[in-house]
Amino acid sequence: MTTRLHVARRAVSLRLASAALLLLLPLLLATAAWGQRLQAPLPAGLAAAVLALLAFAWWRRQRARHDERWLARRLNADPRWQDSADLLFSDPATLGPLQTLQHERLAQQLASLPAPDLRPAWPHRALLASLVLGSVLTLAALVWPNASTQAPTTPRAPGETSDIVATAVALVEVGVDVQAPDYTALPARTESMLSLQAPEGSRLRWRLRFSPQPEAVVLRWHDGGELALRREGEHWTGEHTLHRSVLYRIAITASLPPAEDELHRLDAIADQPPVIRVITPERPLTLREDGQRTWPLVFEASDDHGLGAARLHITLAQGSGEQVTVSERSLALRGEGELKQRRYRRALDLAALGLAEGDDLIVRLDVSDNRAPAPQASRSPSLILRWPMPPATEATGMEGLVKKALPAFFRSQRQIILDIEALIPQRPRLAPDEFVSRSDAIGFDQRILRMRYGQFLGEENEGQPEAPPGLEGEHSEDDGHDHGPGSDAPLGTAISVLEDYGHTHDDTEAATLLDPQTRALLKQALDAMWSSEGELRQGEPQRALPHAYRALAFIKQVQQASRIYLARVGLELPPIDESRRMTGKREGIADRRDGLQPATTPDSPVPDLWRALADEDRRPELEPMSDWLETNADRLEDPLSLVAAIETLRARPDCSDCRQRLRALLWSLLPQPAAGVAERPTPDAAGQAYLDALSAEQRP
């Protein structure tokens, strides 16, 4: 395609784009006019975007229609091109000899002639329709009457009379300027409502205009205080610092009554202390690992208005018992992030802090906010890094004395390992039957220990227990070991004490005392004990030894995880009151022999008022409740709602909805009934038979 054809095609695209823009412009102007008219910028913007998308789609469609075939048809309309303009848009390499000759002839002709004007005609009808529609919509937006618009009230000059005689003083303009404290970094704003919320300590400035003008205006708080407004031109102004939430009403002095006399509410939003979250470590107690040199700490703090200084307090506790020495130090931390949310990182050098074996390193983070004049501070939970002492060897001296009586309570996994290690070297010197008997006895001890730990996982052991792996065959009475409750073992032997009286099956409450991670460790320990027991029962102690070691490792982890750790501190005894020594005074000391005292219900007008509000014919007494609120407001979550409900009912005593609203608010204030001893329920037939059987056993 030659350069002249490229120029002609660009002219076609420009004509199509210009037509699309001219079609869109009147409709966009109408959309902007209606958006300004209805004060709805968002819907107007969406409508403009939809119109733009439609215009773009029309342009794309027209551009696709005016392709090379359309250009060839436009050229072929001129006889000079001899209906061969299609050859100008074809690749010369694909043409035949005659087509190539004709292509060269047309190219020479195109070079000698001016650039052809192939632009399509303007869409006059569409442009006219768009212009008319856009003009009509724009004109309608400008002149259409607004029913919600009220005629502005213009102040009358002094001495000017009006045809309308006022019957009440009306509040026609409200403006409350709110200036939050500087530490909040909140911008100043103006509210058009008399009830509002603002941060505690905000400066409020009222600008009120009345019609007709009263002689004096006062803001009266619900607790008896008031703020007198001063007149500045047509407005009444006054300032107040919001230290706490209050209710107020506007009181005027005028010859006419006020048009409204309602309570308005100012809510003081208290500044919240910082919130601290521990990211690393994940648990309050961390045990030092072998070779650990540093202790990484990561905290995250957030505040509603902004964070201030942060300090990390470090306590090193050394010693044990009453000989604990404590040293403390603190470090200033710089946070990362925004003013309202920061992350604090610190890696403590354990060697520099002097942490040694058996010591505890206790840290906590203190973060304050930027409230003025007195910042608030929060403290994170204490985190403990413990360097544990080496495990002490279990004492086994008493086990030989009590093994025959209560083996389940004194045998341990370490002792079982010692017995296995002592038995393995004796195998060449013992007869096979005796060796298997001793191995089976150790396996029985392993079974007892497994049952002891299994009760914490909810395992049941009622009846004949299932044999370990490899021992599913029949047993005989002379197989070298006892058979549980079904045997004739005498009272006091190892089996009878544990199986008959030990009650080793599950305790449903004890099974829920462990967290899921600890229960998983205990389950692995029981599996290892099960494998160890199976090998011991088959006379293979050397194959049982790895399973026994694995069970011991899991048990140590369970014992470590199931403990509760507290930070060690120095001994601080309470001071002794020397003035009471040797005096015999017993004031303030309760006698343990005193019985239960009857519960007393505190005096409160809430129950009487709550019952009185339920009776529509009864006029409730509101003064006692108002007096009670003055002395108990600090104990209530939202005392202003109660005050507003009482004042509303006092002003409108015949309002049924006001009575029900106040009664609903009083429901949560009703005193709780004193707890009493519940009577035993009457048993059913089975329960009564059980009680009768117990009574029969107690008779001589």
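Check the entry above for the structure.
Here's a quick rundown of the structure. (Residues numbered from 1 in each chain as written. Predicted model: local features only at pLDDT ≥ 70, side-chain atom pairs only at ≥ 80, totals over all residues. Heavy atoms only, no water.)

Some remarks on unusual backbone geometry
Then comes step 1: That bond from S211 to P212 is cis: its omega, -10 degrees, falls within 30 degrees of zero.
Then comes step 2: Along the chain, the position of P212 falls in the loop between β4 (202-211) and β5 (216-221).
Then comes step 3: Across the junction of A372 and P373, the peptide omega takes the value 5 degrees, indicating a cis bond.
Then comes step 4: Mapping P373 onto the fold places it in the loop between β17 (360-369) and β18 (377-379).
Then comes step 5: The phi angle at A185 is positive, at roughly 60 degrees, despite the residue not being glycine.
Then comes step 6: Along the polypeptide, A185 turns up in the loop between β1 (170-179) and β2 (189-191).
Then comes step 7: The exposure class of A185 is exposed, given its relative accessible area of 62%. (Helix = DSSP H or I, 4+ residues; strand = E, 2+ residues; numbered from the N terminus. Buried < 20%, exposed > 50% of the residue type's maximum accessible area, 1.4 Å probe, protein only.)

Structural notes on a nonpolar patch on the surface
Then comes step 1: On the surface, L128, V132 and V136 cluster together to form a nonpolar patch covering roughly 280 Å² of accessible area.
Then comes step 2: Within the secondary structure, L128 sits in helix α5 (residues 124-143).
Then comes step 3: For L128, a relative accessible area of 55% gives the class exposed. (Patch = residues over 30% accessible without salt bridge, like charges linked within 9 Å, V, L, I, M, F, W, Y side chains within 5 Å. Areas by Shrake-Rupley, 256 points an atom, 1.4 Å probe, with all protein chains shown as cover. Salt bridge = Lys/Arg side-chain N within 4 Å of Asp/Glu carboxyl O.)

Let's talk about helix α15 (residues 623-632)
Then comes step 1: Taken residue by residue, α15 has M625, S626, W628, L629 and N632 as its buried positions. Here the buried residues of α15 occupy an arc of 160 degrees about the axis, which is enough to place them on one side. Facing away from the buried side of α15 by over 90 degrees, the exposed positions are E630 and T631.
Then comes step 2: Along its buried surface, α15 packs onto α14 (606-614), α16 (639-651) and α17 (656-666). (Arc of directions from axis to C-beta. Contact = heavy atoms within 4.5 Å.)

Describing the environment of D433
Then comes step 1: Assignment of secondary structure puts D433 in helix α10 (residues 432-454).
Then comes step 2: Assessed through its relative accessible area of 67%, D433 is described here as exposed.
Then comes step 3: Separated by 106 residues in sequence, D433 and G539 place their C-alpha atoms 9.2 Å apart.

A few points about the sheet that holds strand β3 (residues 196-199)
Then comes step 1: Pairing is mixed in the open sheet, where nine strands are placed in the order β2-β1-β4-β7-β6-β5-β8-β9-β3. The sheet terminates laterally at β2 and β3, the two strands that pair on one side only. On average, each strand axis in the sheet is tilted by 25 degrees relative to the strand beside it, whichever way the strands run.
Then comes step 2: Here β1 pairs with β2 via three bridges, running antiparallel. Within β2, the position partnered with V178 by the bridge is R189. (Pairing = 2+ DSSP bridges. Axes fitted to C-alpha atoms, helices over the stretch in contact; angles between N-to-C directions.)

Observations concerning the packing of α15 against α16
Then comes step 1: Where α15 meets α16, the closest approach of the two axes is 11 Å, and the angle between their N-to-C directions is 160 degrees. Judged by the angle between their axes, α15 and α16 are roughly antiparallel. Where α15 crosses over α16, the two elements pack in a sense that is left-handed. Side by side, α15 and α16 meet where E623, M625, S626 and L629 of the first sit next to L642, V643, I646 and R650 of the second.
Then comes step 2: Its residues placed into classes, the contact of α15 with α16 shows five nonpolar, one polar and two charged. (Parallel < 35°, antiparallel > 145°, perpendicular 65-115°, else oblique. Left-handed = near helix turned anticlockwise from the far one by under 90°. Nonpolar A, V, L, I, M, F, W, Y, C, P; charged D, E, K, R; others polar.)

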